[in-house]
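Coordinate analysis (summary)
The residues making up each chain are set out below.
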Amino acid sequence: MKVAWAGSRHAVEVADRMACLVASDPVFRKDTRTMLSRKELFKDTLKKAAHAWKRTVELHLTEEEANLLRLYIDQPGYVDLHWVMFVPAIKGQGTEEQQKKWLTMAYKFQIIGTYAQTELGHGSNVQGLETTATFDPSTDEFIMHSPTLTSSKWWPGGLGKTSTHAVVYARLITEGKDYGIHGFIMQLRSLDDHSPLPGITIGDIGGKFGSGAYNSMDNGVMRLDHVRIPRDQMLMRLAQVTREGKYVHSDVPKQLLYGTMVYVRQTIVADASRALSRAVCIAVRYGAIRKQFGSKAGGPETQVLNYKTQQSRLFPFLASAYAFRFVGQWLKWLYTDVTQKLESKDFSTLPEAHACTAGLKSVTTSATADAIEECQKLCGGHGYLNSSGLPELFAVNLPACTYEGDNVVLLLQVARFLMKTVSQVASGKQPVGTTAYMGNIQHLMQCKSVVNTVEDWLNPAAIKEVFEARALRMAVNCAQNISKAPSQEEGFSELSPDLVEAAVAHVQLIIVTKFIEKLQEDILGHGVKEQLQKLCGIYALHLIHNERLGKLYAQVRPNAVALVDAFDYTDHYLGSALGRYDGDVYSALYKEAWKDPLNETVVPDGYQEHLRPLLKQQLKLSRL
Ligand SMILES: CCCCC/C=C\C/C=C\C/C=C\C/C=C\C/C=C\C=C\C(=O)SCCNC(=O)CCNC(=O)[C@H](O)C(C)(C)COP(=O)(O)OP(=O)(O)OC[C@H]1O[C@@H](n2cnc3c(N)ncnc32)[C@H](O)[C@@H]1OP(=O)(O)O
Ligand SMILES: Cc1cc2nc3c(=O)[nH]c(=O)nc-3n(C[C@H](O)[C@H](O)[C@H](O)COP(=O)(O)OP(=O)(O)OC[C@H]3O[C@@H](n4cnc5c(N)ncnc54)[C@H](O)[C@@H]3O)c2cc1C
């Protein structure tokens, strides 16, 4: 089962090695992280990142191993933005020459970069960004400026205190004309003493939700006051400005400017499956240990995991963790395929890549955030403790519903793609890729229920057809209602709640389809495929509230712990007294409690000043 989850024996081996490397290194301890002040936590993050780099160099780690090291350290910090966004942005939007110059320094960590797109006034609406980059032909420079308060760059990770450079997105103005948003490389801080360069005001935007969590990341604010950069620091793969100031657009779609976001969205689907699997691992293992209430005859108490209500709340999340893992593996293939096609100037699959990355990022992160919160409740009071690992897991992963694109905004992008497809089908064009099912419109719009017997509900072909019919009917219904509106734009706006639902149905069809396709592969291990088939059934049927679920839950229960052990997480990475592999929950909870600084003294600070006088006064009053 480990191989099915990890993807290959090699992946299992590398993951185990990196997880143990982190778990065995005291510098990477994280059990006291939620007890640190914001400044202590930030400094701890700098220490960990520097140590991780040192170990990477000492051990000659590969890029795959170094990424896993960063992942198992599990502490958001500037390195994430450097590797996950700054480097990909230069790769995707820089010329060969610019890549050579800047990536050489970035790979050697001679500079630390971030991705500065969002502003105080605009995040979702990229075309509404206000920062300006005005070309000055007299000096062959761009003048980078924040013309308004709302144009302040706001949120970029690492911007506050660590990044020395950034890819800054700004309105390109030359010869008096505004050509819209383009990317520029800017140095922000001195490489000698780390002080901000002239004209740059920069700092952290302040504390964020949850203790520990994303507070390890210095999300920053930056204002630019007519800062000059050389013309060759405009990322010029997609468009150029000549020495004379002429704007020249390359023969590539302007949406490639958004390429970095598409890349990160596809990685986030894998992150969501990982975060969800961690929460499910904790809740399932704890549910097998925790006993509450026994038979009336005074028999042994019952494992809470045996309660049908616990199973009906928890097992869909177990199934979703596997479903998101498999669709994330497919999405990584799709992204790679589209990127290869782009190299040969084949842009035909760009819309599909945008719709799939946007839709899957949205659906998986929303489901994961909701599931982690529910896993906290599934663990009762102890799920609320930081030592359970669940509050921090929730706090770190909740923003994934917003960063890299607000989930509703992204679903509306999917809806736009679906409406275009429906109109193309109406004009006789055969859809391909993830919308191919829409070409079967006659059959799917009229087909009676393809599932008549209870057993049909476990027939993958029948389930797939049910999800195709559901998605198609919702999309066609929206298209028909939009066509009745005074204009396409008004109709789209009026129908946007329904369009979001139709987009979710389409994305859930993709997830179900990829789970079914995964089960058609050779899957190693005795009985593994059968278990995955049950999880596929649970994932699909829980989305349409089917009465077969109870039987499936009962069939999965005996293997539930084995299914979460297959995630192969160390206790260090799981970071949970409830989810420990050895199940020694109560002694772990008790031990963790005493680490809290509040327990450093038996009589608490503040007693003499505030509690003792009060108690004495009340005692005196009671004797009057
Ligand atoms: C982080 C640490 C965690 C610790 C754990 C450790 C390790 C974990 C491993 C790695 C970390 C993983 C993840 C962490 C990474 C990120 C988190 C941290 C940082 C976050 C960074 C950010 O948030 S960066 C900023 C993100 N911002 C956005 O996403 C903005 C969203 N808005 C947009 O994308 C656009 O504004 C828009 C798409 C909504 C609208 O764009 P617009 O230009 O207005 O276009 P239209 O809507 O008019 O459409 C025009 C046509 O273009 C098509 N299109 C739009 N977008 C794209 C695209 N991206 N690709 C291709 N095509 C696109 C659109 O479909 C239209 O086409 P048609 O005209 O044919 O319909
Ligand atoms: C932890 C974290 C890290 C981040 N890191 C970075 C970073 O490194 N670099 C960077 O550039 N940015 C970063 N961001 C910013 C992030 O990308 C934006 O917050 C995100 O794109 C959402 O944009 P917004 O904040 O403007 O939300 P808004 O768009 O203002 O959303 C507010 C509400 O308006 C709704 N809404 C907006 N437009 C529409 C519409 N057309 N139709 C219907 N509803 C709509 C949304 O659904 C939402 O409910 C980060 C954010 C977070 C939380």
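Computed from a predicted model, the values in this text were never measured in an experiment. (Residues numbered from 1 in each chain as written. Chains lettered and ligands numbered in written order. Predicted model: local features only at pLDDT ≥ 70, side-chain atom pairs only at ≥ 80, totals over all residues. Heavy atoms only, no water.)

1. Some thoughts on the domain arrangement of the protein
The criterion, for reference: Start and end points for every domain follow an automatic or database-based domain assignment. Whether two residues are in contact is decided by their heavy atoms, any of which lying within 4.5 Å being enough. Two parts placed together each lose some accessible area under a 1.4 Å probe, and adding up what both lose gives the buried area. What counts as a salt bridge is simple: a side-chain nitrogen of Lys or Arg found within 4 Å of a carboxyl oxygen of Asp or Glu. Note on conventions: DSSP H or I runs of at least 4 residues are helices, E runs of at least 2 residues are strands, and numbering of each starts at the N terminus. Note that Gly is not counted as nonpolar here; it falls among the polar residues with everything else outside the nonpolar set of Ala, Val, Leu, Ile, Met, Phe, Trp, Tyr, Cys and Pro and the charged set of Asp, Glu, Lys and Arg.
Splitting the protein by domain gives domain 1 (2-75), domain 2 (111-250) and domain 3 (259-430 + 453-564). The gap between the C-alpha centroids of domain 1 and domain 3 is 27 Å. Tallying the contact residues gives eleven residues for domain 1 and 16 residues for domain 3. For the pair domain 1 and domain 3, the summed buried surface comes to about 1000 Å²; carbon and sulfur atoms form 58% of the total. Contact with domain 3 buries surface across domain 1, with Ala4, Trp5 and Thr34 losing the most and accounting together for 60% of the total. Here domain 1 and domain 3 share two salt bridges between them. With four residues, helix α1 (residues 2-6) is the largest single contributor of residues to the side of domain 1 that touches domain 3. Classifying every residue of the side of domain 1 that touches domain 3 gives five nonpolar, two polar and four charged.

2. So, the side chain of Ser277
Within the secondary structure layout, Ser277 lies in helix α7 (residues 259-289). With residues up to four places along the chain from it excluded, the contact list for Ser277 reads Trp5, Ala321, Phe567 and Tyr569.

3. Quick word on the pairing of strand β3 (residues 141-145)
Defined as follows: For the exposure calls, accessible area comes from a 1.4 Å probe over protein chains only, and a residue counts as buried if that area is under 20% of its type's maximum, exposed if over 50%, partly exposed in between. At least two DSSP bridges between two strands are needed for those strands to be called paired.
Most of β3 is tucked away: four of the five residues are buried. Looking at chain direction, strand β2 (residues 132-136) and β3 are connected through five bridges and run antiparallel. Within β3, the position partnered with Ala133 by the bridge is Met144. Linking β2 to β3, which pair antiparallel, is a turn of four residues; within it Asp140 sits at a positive phi near 55°. Pairing analysis gives four bridges linking β3 to strand β9 (residues 227-230), with the strands arranged antiparallel. Paired with Glu141 across the bridge in β9 is Pro230.

4. Regarding the site of ligand 2
Let me state the cut-off plainly: Only a single heavy atom is needed: when it lies within 4 Å of a molecule or strand, its residue is near that molecule or strand. Pairs of N or O atoms are called polar contacts if they sit within 3.5 Å, as long as, within protein, a hydrogen donor faces a hydrogen acceptor (for residues adjacent in sequence, only side-chain-to-side-chain pairs). Computed with a 1.4 Å probe, the accessible areas rest on the Shrake-Rupley method; for each residue, only the protein chains presented here act as cover.
Taken together, 20 residues lie around ligand 2, and Tyr115, Thr118, Ser124, Gly157 and Asp406 are the ones closest in. Take Tyr115: an N or O atom from its main chain is 2.9 Å from a nitrogen atom of ligand 2. Thr118 places a polar side-chain atom, nitrogen or oxygen, 2.7 Å from a nitrogen atom of ligand 2. Contact with the protein chains removes 62% of the 960 Å² of surface that ligand 2 exposes when unbound. Tallying contributions element by element places helix α11 (residues 407-426) first for the shell around ligand 2, with three residues. Looking at side-chain class alone, the shell around ligand 2 contains ten nonpolar, eight polar and two charged residues.

5. Some details on the UniProt feature "domain: Acyl-coenzyme A oxidase N-terminal" (unreviewed entry) in the protein
Threshold: UniProt positions are given in the numbering used here, feature names are shortened, and annotations may be inferred rather than shown by experiment.
Mapped onto this structure's residue numbering, the UniProt feature "domain: Acyl-coenzyme A oxidase N-terminal" (unreviewed entry) falls at residues 1-112. This span, residues 1-112, is 71% helix and 0% strand, and a straight line between its end C-alpha atoms measures 39 Å.

6. Side note on the side chain of Asp44
With respect to the element layout, Asp44 can be found in helix α3 (residues 38-58). Asp44 sits in the buried class, given a relative accessible area of 14%. Residue contacts for Asp44: discarding those within four places in its chain leaves Leu36 and Gln75.

7. Some thoughts on a negative patch on the surface
What counts here: For patches, a residue must show more than 30% relative accessible area and have no salt bridge; joins then use 9 Å for like charges and 5 Å for nonpolar side chains, namely Val, Leu, Ile, Met, Phe, Trp and Tyr. We count Lys and Arg on the positive side and Asp and Glu on the negative side, and we leave His and both chain ends out. We put the charge of a Lys on NZ, of an Arg on CZ, of an Asp on CG and of a Glu on CD.
A surface patch of like charges, here negative, comprises Asp596, Glu600, Asp605 and Glu609. Summarising the element assignment, Glu609 is placed in helix α21 (residues 607-623). A relative accessible area of 53% means that Glu609 is categorised as exposed.

8. Describing the sheet that holds strand β7 (residues 200-204)
Strand pairing in a sheet relies on backbone hydrogen bonds, with the paired strands running either antiparallel or parallel. Strands sit in the order β4-β8-β7 across an open sheet of three strands; the sheet is antiparallel. Taken across any chain shown, the strands that pair with only one partner, and hence form the sheet edges, are β4 (153-154) and β7. Pairing of β4 with strand β8 (residues 220-224), which is carried by two bridges, proceeds in the antiparallel orientation. Bridged to Trp154 within β8 is Val221.

9. A closer look at the pattern of salt bridges
Summed over all chains, the structure comprises 33 salt bridges. The partner of Glu374 in a salt bridge is Lys377, with the nearest N and O atoms 3.8 Å apart. Separated by three residues within a single helix, Glu374 and Lys377 lie in helix α9 (residues 350-378), roughly one turn from each other.

10. A word on helix α15 (residues 496-518)
For the record, the criterion: Multiply 1.5 Å by the residue count of a helix minus one, and that product is the helix's expected span.
Counted at 1.5 Å a residue, the expected span for α15 with its 23 residues is 33 Å, and the 33 Å between its end C-alpha atoms agrees. Counting buried positions along α15 yields 18 of 23 residues, so the element is predominantly enclosed.

11. Re the UniProt feature "active site" (unreviewed entry) in the protein
Under the UniProt annotation, the feature "active site" (unreviewed entry) is placed at Glu404. Tracing the sequence through the fold places Glu404 in the loop between α10 (390-397) and α11.

12. As for unusual backbone geometry
Within the chain, Phe109 stands out as a residue other than glycine whose phi angle is a positive 60°. Along the chain, the position of Phe109 falls in the loop between α6 (96-107) and β1 (113-116). Even without being a glycine, Phe293 presents a positive backbone phi close to 70°. Inspection of the secondary structure puts Phe293 in strand β12 (residues 291-294). Given the relative accessible area of 63%, Phe293 is considered exposed.

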